Amino acid sequence: MNKVLLPELITDRLILKKISLDNIDDVFEYAKNPLVGPNAGWEPHLNKKETEEFIKYAIKKREYGQPGVYSIYYKIHNKMIGTIEIHSYKEYKAEIGFVLNPAYWNKGIMTEAAKAIIIYAFEILKISRLSYNYFLFNERSKRVCDKLGFTYEGVLRNKFMNYDGKIIDEAVSSITKEDYFNGKISWVKEFKQAFKVDYEGI
């Protein structure tokens, strides 16, 4: 199976590149925080061995035809501060998912990273639909979703089983290729002025 292109994506403040085992310390720093995992449906990490297993799993996704997981590097601190990915990828559709170190919340960083991934999804992967699912209690994700121009579609009832066995509803929103290429996503043109794709080394 041919691996999906996963070039480095470079924005004004960030570099998005393939996750690696070199990221263990930075991932564990936020993955152990109880503010992080439960908002995404996973239990906080108790030790670095759990973090190592997560990263190995994330890397292995590329062997099954998925684009894979990006590490988000904050240029100023030269530090990996979160992950973002296109997942559930299948020919013409996919979903976006992300997580960020709480020390970097409220700085517009996740919105910036997600904009890069949306461009990647429609212009490199050439998908027709990108969806984003989030728990109804996750107000931060909802705000990011709104800033990015996703269209709210509704609630998927009993959609997700949490790590504690609880069944949770999810809200779902989407961007279509028509939205993207017909100008509905207002930030694209300006954002692309400082956006670069680096194919070297892939």
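For clarity, every value in this text was computed on a predicted model and none was experimentally measured. (Residues numbered from 1 in each chain as written. Predicted model: local features only at pLDDT ≥ 70, side-chain atom pairs only at ≥ 80, totals over all residues. Heavy atoms only, no water.)

(A) View of unusual backbone geometry. Although it is not a glycine, N78 sits at a positive phi angle of roughly 50°. Taking relative accessible area as the criterion, N78 reaches 66% and is therefore assigned exposed. (Buried < 20%, exposed > 50% of the residue type's maximum accessible area, 1.4 Å probe, protein only.)

(B) Highlighting a nonpolar patch on the surface. Taken together, the side chains of L5, V197 and Y199 present a nonpolar region at the surface, about 250 Å² in accessible area. Inspection of the secondary structure puts Y199 in the segment after β9 (196–198). (Patch = residues over 30% accessible without salt bridge, like charges linked within 9 Å, V, L, I, M, F, W, Y side chains within 5 Å. Areas by Shrake-Rupley, 256 points an atom, 1.4 Å probe, with all protein chains shown as cover. Salt bridge = Lys/Arg side-chain N within 4 Å of Asp/Glu carboxyl O. Helix = DSSP H or I, 4+ residues; strand = E, 2+ residues; numbered from the N terminus.)

(C) Fine view of the pattern of salt bridges. Enumeration over the complete set of coordinates arrives at 14 salt bridges. Close ionic contact of E112 with R13 constitutes a salt bridge, the shortest N to O distance being 2.7 Å. Taken as a pair, E112 in helix α4 (residues 109–124) and R13 in the loop between β1 (8–10) and β2 (14–18) lie far apart in primary sequence, 99 residues in all. Residue class for E112 comes out buried when judged on its relative accessible area of 9%. Between E52 and K49 there is a salt bridge, with the nearest N and O atoms lying 3.9 Å from each other. In this pair, E52 and K49 both sit in helix α3 (residues 48–60), three residues apart, roughly one turn of the helix. Overall, the relative accessible area of 21% leaves E52 in the partly exposed class. By relative accessible area, which is 47% here, K49 ends up partly exposed.

(D) Region of the structure containing the packing of aromatic side chains. Summed over all chains, the structure comprises eleven aromatic pairs. An angle of 35° between the planes, with centres 5.4 Å apart, marks the rings of F135 and F137 as tilted. Among the residues examined, F135 registers a relative accessible area of 3% and is labelled buried. With centroids separated by 6.1 Å and ring planes inclined at 35°, the aromatic side chains of F191 and F195 adopt a geometry described as tilted. Just as F191 is buried, F195 falls in that class too. Stacked on the ring of Y73, the Lys or Arg K17 has its end atom at 4.3 Å from the ring centre. (Phe/Tyr/Trp six-rings, centres within 6.5 Å; stacked < 30°, edge-to-face > 60°. Lys NZ or Arg CZ within 6 Å of the ring centre and 35° of its normal.)

(E) Examining the layout of surface pockets more closely. One number sums up the size of the largest pocket: a volume of about 1,200 Å³. In terms of lining residues, the largest pocket is bounded by 46 residues, among which A40, G97, F98, V99 and Y132 are the most central. Taken together, the residues that form the lining of the largest pocket break down as 24 nonpolar, 13 polar and nine charged. (1 Å grid on protein atoms, 1.4 Å probe; cavity = no way out; pocket = protein on both sides within 12 Å on 5 of 7 lines; lining within 4 Å. Points joined across faces, edges and corners; volume = space filled by probe spheres on them. Nonpolar A, V, L, I, M, F, W, Y, C, P; charged D, E, K, R; others polar.)

(F) Geometry of the pairing of strand β5 (residues 93–100). Among the eight residues of β5, seven are classified as buried, and the element is accordingly described as predominantly covered. Relative to β5, strand β4 (residues 79–90) runs antiparallel, the two sharing seven bridges. Residue pairing in the sheet places E85 in a bridge with G97 of β5. Pairing between β5 and strand β6 (residues 129–135): three bridges, direction parallel. Along β6, the bridge assignment pairs E95 with S131. (Pairing = 2+ DSSP bridges.)

(G) Region of interest: the nonpolar core. Counting 46 residues, the largest nonpolar core has L16, I84, I86, I96, I118, L130 and F150 as its most contacted members. No other element matches α4, which puts eleven residues into this core. Every residue in contact with I86, bar those within four places of it in the chain, is listed here: Q66, P67, G68, A94, E95, I117, Y120, A121, L125 and L130. Of all hydrophobic cores here, the second largest spans twelve residues; its members include Y30, A31, I55 and M80. (Core = buried A, V, L, I, M, F, W, Y, C linked by side-chain atoms within 4.5 Å. Contact = heavy atoms within 4.5 Å.)

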